[in-house]
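# Structural overview for review
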Amino acid sequence: MKRKECRKCQSKRIVKAGFKKLAEGKVQRFKCQECGYYFTGVERYHYLPPDKVALIHRMYEEKGEMRKIARVLGITLKAVQYHLKKKDERDDSVLS
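Residues numbered from 1 in each chain as written. Predicted model: local features only at pLDDT ≥ 70, side-chain atom pairs only at ≥ 80, totals over all residues. Heavy atoms only, no water.

### So, the sheet that holds strand 2 (residues 25-32)
Taken together, three strands build an open sheet; the order of strands is 1-2-3 and the sheet is antiparallel. Either end of the sheet is taken by a strand with one partner, and the two such strands are strand 1 (14-22) and strand 3 (38-40). This sheet shows a mean twist of 35° between the axes of neighbouring strands, independent of strand direction. In terms of strand pairing, strand 2 meets strand 3 through three bridges, oriented antiparallel. Looking at strand 3, one finds that Lys31 is bridged to Tyr38. (Pairing = 2+ DSSP bridges. Helix = DSSP H or I, 4+ residues; strand = E, 2+ residues; numbered from the N terminus. Axes fitted to C-alpha atoms, helices over the stretch in contact; angles between N-to-C directions.)

The structure is reproduced here in structure tokens:
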């Protein structure tokens, strides 16, 4: 098993915790013994590193199309939409 660490607290104290069913099949699920956070080795959903999220916002502000951004960065269109919507919601709450 490749050494993994918790994405939430960066602890190396993790244990196997069953499987998660995905479209491609089953993937191993892990649990952090420090904070109790569950995760898989396949983080393909909406989690992106902060630098990639910032790049999405920059590309979109420069009149980039969402589909084009997804294709160039190698991520799903839903992930791009999710992060743009999340930013809009944060901006709206700051203005209120």
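### Here we look at the state of the cysteines
Inspection of every chain in the model, using the stated rule, returns zero disulfides. Between Cys9, a cysteine without a disulfide, and Cys32, which holds the nearest cysteine sulfur, the sulfur-to-sulfur distance is 3.6 Å. Not engaged in a disulfide, the cysteine Cys35 finds its nearest cysteine sulfur in Cys6; these two sulfurs lie 3.7 Å apart. For Cys35, a relative accessible area of 36% translates into the label partly exposed. (Disulfide = S-S within 2.5 Å. Buried < 20%, exposed > 50% of the residue type's maximum accessible area, 1.4 Å probe, protein only.)

Honestly, it's all geometry; don't read function into it.
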